[in-house]
Amino acid sequence: MSTQAMTVLVFSHRAEVREAIITAVGRRPAPDLGRVRYIEADTVADVLSEMDSGAVDLAILDGEAQPTGGMGLSRQVKNEIDPCPPVIVAVRRKDDRWLATWSQADAVLVHPLDPLASAETVAEVLRSHRLPAVRG
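Sequence order as written defines the numbering, with residues in each chain counted from 1. Totals for whole chains, interfaces and linings use all residues, but because this is a predicted model, local features are given only for residues with pLDDT of at least 70 and pairs of side-chain atoms are given and counted only at 80 or more. The basis for the side-chain values is all heavy atoms of the structure; hydrogens and waters are excluded.

1. Describing the sheet that holds strand β3 (residues 58-62)
Two orientations exist for strands paired in a sheet by backbone hydrogen bonds: parallel and antiparallel.
For step 1, the next point in the chain: Strand order in this open sheet of 5 strands is β2-β1-β3-β4-β5, and the pairing throughout is parallel. Of all the strands in the sheet, just β2 (36-41) and β5 (107-110) have a single pairing partner and so form its edges. Here the strands of the sheet are splayed against their neighbours by 20 degrees on average, with no regard to which way each runs.
For step 2, the next point in the chain: The pairing criterion for strands is at least two bridges between them, as found by DSSP. Where helices and strands are cited, they refer to DSSP runs of H or I of at least four residues and of E of at least two residues respectively, numbered from the N terminus. Note: strand β4 (residues 87-91) against β5, 4 bridges, orientation parallel. Paired with Ile88 across the two strands is Ala107, which belongs to β5.
For step 3, the next point in the chain: In what follows, residue pairs with any heavy atoms lying within 4.5 Å of each other are defined as contacts. Convention adopted: a line fitted to C-alpha atoms gives each axis, helices being fitted over their contacting stretch, and angles between N-to-C directions are expressed from 0 to 180 degrees. Running at roughly 160 degrees to strand β1 (residues 6-11), helix α2 (residues 44-53) makes contact with β1, β2, β3 and β4 of the sheet.

Put into structure tokens, the structure is as follows:
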């Protein structure tokens, strides 16, 4: 597995939510993955600009962001950006996990964020989406 640094975009209109996500996932979510470089975004325009650049390996979107939530934004980028990097949506309630299916998210994190589960989820998504590129 490559140890090249990966870029993770974290979106929320609230700085404390972005910080909680970054802290929970950590700088190296798994020993077999490279370090993570975070880009923080607090507006939809910033997210779209970064995603369009092609430099994002994974996006973690706050499902509770205002005025546009991460679930709607996930669905938008999944339908408009090709190829779209994987997307994880962070939700406040376990019962909201079903909405992630509608949003076409690759995975879901649930607040309060558990550091072990968060890092494991991010690592699994990064591995599953990087393997085809390594083989090709």
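Moving on from the model shown.
2. What to know about the pattern of salt bridges
For step 1, the next point in the chain: By definition, a salt bridge exists where a carboxyl oxygen of Asp or Glu is found within 4 Å of a side-chain nitrogen of Lys or Arg. Inspection of every chain in the model, using the stated rule, returns 4 salt bridges.
For step 2, the next point in the chain: Note that Glu16 is salt-bridged to Arg14, the shortest N-O span being 2.8 Å.
For step 3, the next point in the chain: The salt bridge partner of Arg18 is Glu40, with a shortest N-O separation of 2.8 Å. Placement of the pair is Arg18 in helix α1 (residues 15-25) and Glu40 in strand β2, with a sequence separation of 22 residues.
For step 4, the next point in the chain: Using a relative accessible area of 10% as the deciding quantity, one classes Arg18 as buried. The rule is simple: take the accessible area with a 1.4 Å probe, protein chains only, and divide by the maximum for that residue type; under 20% is buried, over 50% is exposed, in between is partly exposed.

3. Details of unusual backbone geometry
For step 1, the next point in the chain: Cis geometry marks the peptide bond from Asp82 to Pro83; its omega dihedral reads 0 degrees.
For step 2, the next point in the chain: Position of Pro83 among the secondary structure elements: in the loop between α3 (70-80) and β4.
For step 3, the next point in the chain: Look at the link from His111 to Pro112: it is a cis peptide, with omega at -5 degrees.
For step 4, the next point in the chain: Summarising the element assignment, Pro112 is placed in the loop between β5 and α5 (115-135).

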